Every structure is written in structure tokens, then in C-alpha cells.
Amino acid sequence: MRAQSRAVSENGSQPRIGEPQMTQQSTVASVLRRIPHLLAGIVLLSLSIAPELGAQDGVTALRSEIDRRATAIEERVVAWRRDIHEHPELSNEEVRTAALVAEHLRSLGMEVQTGVGGHGVVGILKGALPGPVVALRADMDALPVTELVDLPFRSTVRTVYNGQETGVMHACGHDGHVAILMGVAEVLAGMKDRLPGTVKFLFQPAEESAPVGGAGPMIAAGVMDNPKVDAVFGLHIGTAPLGQIGYSTGATNASEDSFRIVVHGKQTHGAAPAMGIDPIVVGSQIVLGLQTIISRQSNLSKGAAVVTVGAFHSGLRSNIIPDSAWMIGTVRTLDPDMRRDIKERIEQTATNIARSAGATAVVTIVEGYPVTVNNAELVNRMLPTLRRVAGTENVVEQPPKLSAEDVSRFLERAPGFYFGLGSTPPDRDPRLFGANHSPLFYMDEAALPVGVRAIANLAVDYLAGAPAK
């Protein structure tokens, strides 16, 4: 009892039976006993934070390494581009270009596949760390265009195309695309011991040969599988200001369908048109009628569209009304419903106009590349990467283009981000410069290092799953 009476608390109350009797000394001792547990908690907290901090530090180091390696190979990228430009090859003829690419990828220690979907080349780079799979794409083919730009490495290649002799030229920047991706391959291969995930380098043939193209055959050969691709990145060089990156969210390039219309009339003497049915006049009315499909029959608030007749042929002599005429053209749309509706209207317009004149029209429409669609979530995630590389002021959102691209087929199979890279010299007006597919198309090679850094950083930031800032 005496012991209990001495244990009265400061407020005069007594402890309950079995309650620990706390003194100043015992309180201090209790705190001291808890210090190891407190320290352990702090250590555990720091360990839970450390991986995130370490991962971010690792990504920062990879970005710095990209910059260093990209700078070191700038001259080689330019040399590759000039070599490819001087030796252009048309669609499905990219033998030399494919061999150059394959040799380079093998020298980097990659697993290399050739003859993929034609002359396609695939390089597979496996990072040392686990992660997703990203595909990087470049197209390799040139165009039947006679180059008019005075360069030391200008193309002098000649060929016969559609029965006509012509030059061959990289008039659409594909030589730059290949050189950029060869540079990216060298940059990332040198970092594979710290690289997460897998990179597939897709060097694609025959982009300019719609409707089949080169992407579809490569996909049929399995390039998007084994391992399955999680995201696709690619760029296209164009006439925007030097180093500017232009992008669209959602539809970025149009679908492409081609048509052929054959008008059958009745041949007669040019002096007696009433004795026949003139297919040239009927065909001309069809050409004009096709323009009203866009201007008067299409809901353009859903997206831009165009119908273009690119060739019209008929007749041999000035005094003979021929028996038939034919025309070929292209249809471009940004909306699948409009695409279907316009194709139906082309057939209706041509056949009804021909019937009204007593002629007939046979319409053949071949479906080509689908709409190229950038994945909105991927674009928003990766825009900070491009802004960091090119500068915020140089990354510009643009309306979609009505040019078509068979990169669209890759983007149908996995989320993708396809953007433009400007290559017009600073002292030239992009609006007055030789556009893509022009014999005066010119590329300022200062755009090439921007392309290497952009694609390499997109790949690393995506694979690491890190914030792009």
C-alpha cells in the first residue's frame, strides 16, 4: 500500500491496477528504446523514395548521353544522307539503300532482318533492363523526279517510269529519314547496357507506291509482333522553318484512294459530231462534276477533303472524235464516313453524267492508305520531350495535311506519334521554297541532328516511363 501511495500522479489521481507507473526517468528510457524503430522507419521511407529518385537521375543521365552521342555522329549522319541522296532508288527497288542500312545495324551488334515485306530492314535492339517495346520508322524510297537543285551530290540517276524516261530523286526527304534513324540506332546501341525495353528499327520500302505501299507487307511479315510493339514514333521532313516540329492530335494525314474512270462513247468524224457520242466532252463534264462533290455535297465541318483528277487521255487525231476517254485521280479525306460517301458519289456522278449523254462510264476505285491517326494520350505524354529537344517555341500544333502516309498502317496496330520536321534554310521563305515532291526540293542538313535527338529522346523517355520534363 505504501508503494501505491507513493505512485500518486501529479494531478492527484492514482494509476489503475496493472497500469505502468511512468516517471520522468522511465519516459526518457522509453523514448530511447524507440529510437532504433524511428530510425528504421526513416530508412524504410528513404528506400521507398530512392528508386523513383534514382530512376529519374538515370533518365537524366541517358538524355545527356543522347546529346553527347548525337553531337559526335553529326558528320556521319550528314554523310549518310548525301550518299543516299546521290544514289536514290524507286519504290520496291531499294536494294542498295537496304544493304547500307543492314550493314550499319549489324556493325552495332543488332539482330537484323532483311527482305522484310520487300526490301525492308528491321533492326532489334534489346536493352539490358526490362521495359516495353517501341518501334521507330523511316521510309527509304525515292520518286521519279528529275532533280533541278545544283548540289555536289545531286542525283543523276535515270530510269523509265510508266513508259517515260525520267530522273530519280529523293524529293520527299526520305534520304534524311533514313540517315536520321541510322544515327538514332548508333546512339541507342551505344547505351544498351542502361537502356530499358526493346527498340525495333523499321526501315520501310515503297512508301510512295500506294495503294499497297511497304508498311502493310512489313506488318504481314510480323514486324509489329514477337515482341509486340507498344508504341510507334516517326517523323517527316518538310518545308516548315528549320528545326520546327509540327504535330496534330488525332488525324494528322489523310486517307488515300485512287480512281479510274473510262468513258465509252461512239467514234465518228470530227466534222460530224452528231453521228457519234463524244467521250472527251462527256469526260470533261465528269471532271467538273467531280468538283461539286466537295464544294456542294460534302459536310466539310467533319474534316477537309479533296478530289483531284491527275490525268486525262483520249484521242489520236485532230479530226477524229474517239471512241473512249479515261481519267485517273485521287481522293483524300480525314474522316472514314466522308471517305465512304465521297467514293459512292464519284461513281454516281460519273455514271449519271455519261448516261445523260448516251455514253457509259466504268468507275474503278482502289482503296489505299487509311487516315494517319496520332494517339492523343501518347501525343500529350510525349510533347514535353519534343519541347525539351527543340524548344517550346519550335513545337507547333498544326492542322492535318491531305497528303497520305502508309505509316498509318503501323499506327493502326499500336499507338503512334508521327510529326513533321522543318528543313527550310533560315534565309528562305517556306511558302516560296520547293515543296515535297518538287524537283526543287531542298533540305537544310542542320535539321538532321534535331531529328536524331527528337527520335532518340522520344524512345528513351517512353521506354523509361519517366516524366519528359
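So, about the overall build of the protein chain. Scanning the protein chain for helices and strands turns up 11 helices and 18 strands. Across the protein chain, contacts joining residues at least 24 apart in sequence account for 82% of those joining residues at least 6 apart. Of the roughly 22600 Å² that the protein chain leaves accessible, carbon and sulfur atoms contribute 55%.

Okay, the pattern of salt bridges next. Taken as a whole and judged by the stated rule, the model has 23 salt bridges. The partner of Arg82 in a salt bridge is Glu445, with the nearest N and O atoms 2.8 Å apart. Taken together, the residues Arg82 in helix α3 (residues 74–86) and Glu445 in the loop between β18 (416–424) and α11 (447–464) connect sequence positions 363 residues apart. A salt bridge links Arg137 to Asp406, with the nearest nitrogen and oxygen atoms 3.1 Å apart. Placement of Arg137 in strand β3 (residues 129–139) and of Asp406 in the loop between β17 (401–404) and α10 (407–413) is noted, with a sequence separation of 269 residues between them. The class of Arg137 is buried, set by a relative accessible area of 4%.

The subject of this paragraph is the pairing of strand β4 (residues 158–161). Where β4 lies against strand β5 (residues 164–167), four bridges are found, and the strand directions are antiparallel. Among the inter-strand pairings, Val160 is bridged to a residue of β5, identified as Glu165. Counted between consecutive antiparallel strands, the loop separating β4 from β5 contains two residues, among which Asn162 sits at a positive phi close to 50°.

Let us now look at the nonpolar core. Leu136, Leu188, Phe201 and Phe203 are the most contacted members of the largest nonpolar core, which has 72 residues in total. Broken down by element, this core gets its largest block of residues, 12 residues, from α11. Excluding residues within four positions of it along the chain, Leu136 makes contact with Leu181, Val184, Leu188, Val199, Lys200, Phe201, Leu202, Phe233, Ile455 and Ala459.

Its place among the elements puts Gln398 in the loop between β16 (395–397) and β17. Sequence-distant contacts of Gln398, that is, excluding residues within four places in its chain, are made with Gln244, Gly246, Tyr247 and Ser248. At 3.5 Å, the side chain of Gln398 forms a polar contact with the side chain of Lys401.

Rules used throughout
- Here the residue numbering is sequential within each chain, running from 1 through the sequence in written order.
- Local features in this predicted model are restricted to residues whose pLDDT is 70 or higher, and side-chain atom pairs enter the listing and the counts only when it is 80 or higher, whereas totals over whole chains, interfaces and linings include all residues.
- Based on all heavy atoms of the structure, the side-chain values leave hydrogens and waters out of the count.
- Helix and strand assignments follow DSSP, with helices taken as H or I runs no shorter than four residues and strands as E runs no shorter than two, numbered in order from the N terminus.
- Whether two residues are in contact is decided by their heavy atoms, any of which lying within 4.5 Å being enough.
- Each accessible area is a Shrake-Rupley result for a 1.4 Å probe, and residues are judged covered by the shown protein chains and nothing else.
- Every case where a carboxyl oxygen of Asp or Glu lies within 4 Å of a side-chain nitrogen of Lys or Arg is listed as a salt bridge.
- For each residue, the accessible area found with a 1.4 Å probe, counting protein chains only, is set against the maximum for its type, and the residue is called buried under 20%, exposed over 50%, and partly exposed in between.
- Being paired, for any two strands, means DSSP has found at least two bridges between them.
- The set of buried Ala, Val, Leu, Ile, Met, Phe, Trp, Tyr and Cys residues whose side-chain atoms join them within 4.5 Å is what this entry labels a nonpolar core.
- In the analysis that follows, any N or O atom pair within 3.5 Å is treated as a polar contact, provided that within protein one partner can donate a hydrogen and the other can accept it, and provided that, for residues neighboring in sequence, both atoms belong to side chains.

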